[in-house]
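# Structural overview
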Amino acid sequence: MISQDTINAILDRADIVSLVREYVPELTKRGANWTCCCPFHKEKTPSFHVSPARQTWHCFGACAEGGNAISFVMKAEGMTFPQAARHLAQRYGIDCYEAEEPDGEREERLHREALWGVNERAAKFYAEQLHDPANASALAYAQERFGSEYVAEAGLGFAPASGRALCDHAMARGENIDLLLELNLVARNEQRGTYYDFYRNRLVFPIRDRYRRVLGFTARDLSGSNECKYLNSKESAAYHKKESIYGIDEAWREAARQELFFLVEGAPDAAKMHAAGIYNAVAPLGGAWTAEQMQMLKKGADCVCFINDADPPKEGEAYGAGIAYVMKNGRLALEHGFTVSVRELPLAEGNRKQDPGSFFTSKAQLGLLKEEEFVAWCARTWWNEEDNLNLKAEHITRIADLSSLIKDETRLEMLIDELVKLKKRKDIWRSAINRAKWARIDAKKAERKEINLRTYGFIEDR
């Protein structure tokens, strides 16, 4: 078996545009993508699109297929997956390591791959349903919001309202019902002994990893009657919410090129930014960002920029929930060594809620949002000259605590220059930041039950 590390290395190094041009010299750049007549069927009007950002190909014509570099070689050369992988490994000078696995690890891998396969086939079914004339209203909604190109290339789909569409389709194909149940694509009515679809009357977004394997789904209600607007896949061997990032498959290459990820709150926000040409946007799958997600992003870029949801503040609050969300998650990013910035999204006209999904209709709108260093942005948001001395002291402590997470001394000095605009005298800020650093060091020593020599009057120096 070809090791996963080898497959990952091939997909990281492959250049889909150069690869396709060897088979189709007529491939022509058109906007962000490249197009040509499909090499796999006869046509007069180009319907074959290649995306360098996603490192994918897709035929919008009769084939209605797509994939990555390995799947292109498989189709172009009539090769199996292992043959195509070995061919590309040789092309890119990658050692094609054949992994030997202990029986337990092999069983886990095969089970996980089987789940990915079921998800892939379910995604294809949902995509076919979205383009079924019977579901024209769902397609119209998706295309109006995200554009026809993004809908096709991202593989958006539709789960019919009938309640058994996927279930009947999967059983007719002989899918393993236990795998469908594990993925929660179908559920069982214990009293009747029958099965039904988990997703019903929803626009379905496949959740992929950076190599475009379908890990799970997030689905938006289109009926307007469900309390749960978005419904995500349940935990399984294929999908772990705390490790999964929506849009990472498309964002990875662009983020590496720009040395930057844009972090937004919801999957539809990232999808809308991709559709607008901002390909390095990513989102968690509900809730706050996690340490596992930050560790993954750190492998792709050293900088993150948060774009908030603009929520009207509730009575008695200084700012809305979207601002608070960025403050909490920005701290986590600092703790993981990122250079962190913010592009603050304002409220919509009439003091109404606005999110990146409604704001970004074009890439040019990114320039309308001023980028600010994260800690300086927090300081500006918290600081109020009308506050009393006690509140100002609390603000200084909070700001110093965040500042103390910045390890780069040059950046820290530049930040202090910004902070003195709020409160004069650099020595006040330096003293507060040093206290915050030592408090963190002391807390870690106490946690590890180490002797803290500072409590005995010693000074630590290097």
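Residues numbered from 1 in each chain as written. Predicted model: local features only at pLDDT ≥ 70, side-chain atom pairs only at ≥ 80, totals over all residues. Heavy atoms only, no water.

### Focus: the pattern of salt bridges
Close approach of charged atoms allows side chains with opposite charge to pair. Tallied over the entire structure, the rule returns 27 salt bridges. Note that R213 is salt-bridged to D209, the shortest N-O span being 2.7 Å. As a salt-bridge pair, D302 and K298 come within 2.8 Å of each other at their nearest N and O atoms. Under the relative-accessibility criterion, D302 is labelled partly exposed at 36%. A cluster of three or more residues bridged by salt bridges with shared partners is formed by R331, E335, D401 and R440. (Salt bridge = Lys/Arg side-chain N within 4 Å of Asp/Glu carboxyl O. Buried < 20%, exposed > 50% of the residue type's maximum accessible area, 1.4 Å probe, protein only.)

### Quick word on the packing of aromatic side chains
In this description, a pair of aromatic rings is defined by centroid distance and the angle of the planes. Overall, the coordinates contain 18 aromatic pairs when judged by the stated rule. Site record: aromatic cluster; members linked through ring pairs are Y23, F40, F48, W57 and F72. The ring of F338 is capped by K298, whose NZ or CZ atom sits 5.5 Å from the centre of that ring. (Phe/Tyr/Trp six-rings, centres within 6.5 Å; stacked < 30°, edge-to-face > 60°. Lys NZ or Arg CZ within 6 Å of the ring centre and 35° of its normal.)

### Topic: the side chain of N68
Mapped onto the fold, N68 is located in the loop between β5 (66-67) and α3 (69-77). Not counting residues within four places of it along the chain, the set of residues in contact with N68 comprises L11, I16, Q55, W57 and Y211. (Helix = DSSP H or I, 4+ residues; strand = E, 2+ residues; numbered from the N terminus. Contact = heavy atoms within 4.5 Å.)

### Digging into the state of the cysteines
Inspection of the entire model under this criterion finds zero disulfides. Among the cysteines around C38, which has no disulfide bond, C63 carries the closest sulfur, lying 3.7 Å off. Accessibility expressed as a relative area gives 5% for C38, which makes it buried. (Disulfide = S-S within 2.5 Å.)

### Description of empty space enclosed by the protein
Taken as a whole, this structure holds two cavities of 30 Å³ or more when the rule is applied. Each pocket or cavity is described by its volume, and for the largest cavity that value is around 80 Å³. Forming the boundary of the largest cavity are R54, Y150, A154, P206, R208, R212, Y246, G247, D249, E250 and H274. Secondary-structure elements contributing two or more residues to the lining of the largest cavity are β9 (202-208) and α10 (248-258). Split into classes, the residues belonging to the lining of the largest cavity amount to four nonpolar, two polar and five charged. A volume near 50 Å³ is recorded for the second largest cavity. Every residue along the wall of the second largest cavity is listed here: V118, R121, A122, F125, L166, H169, A170, R173, E175 and L180. Elements with a contribution of two residues or more to the lining of the second largest cavity: α5 (103-130) and α8 (165-172). For the lining of the second largest cavity, the leading source of residues is α5, giving four residues. (1 Å grid on protein atoms, 1.4 Å probe; cavity = no way out; pocket = protein on both sides within 12 Å on 5 of 7 lines; lining within 4 Å. Points joined across faces, edges and corners; volume = space filled by probe spheres on them. Nonpolar A, V, L, I, M, F, W, Y, C, P; charged D, E, K, R; others polar.)

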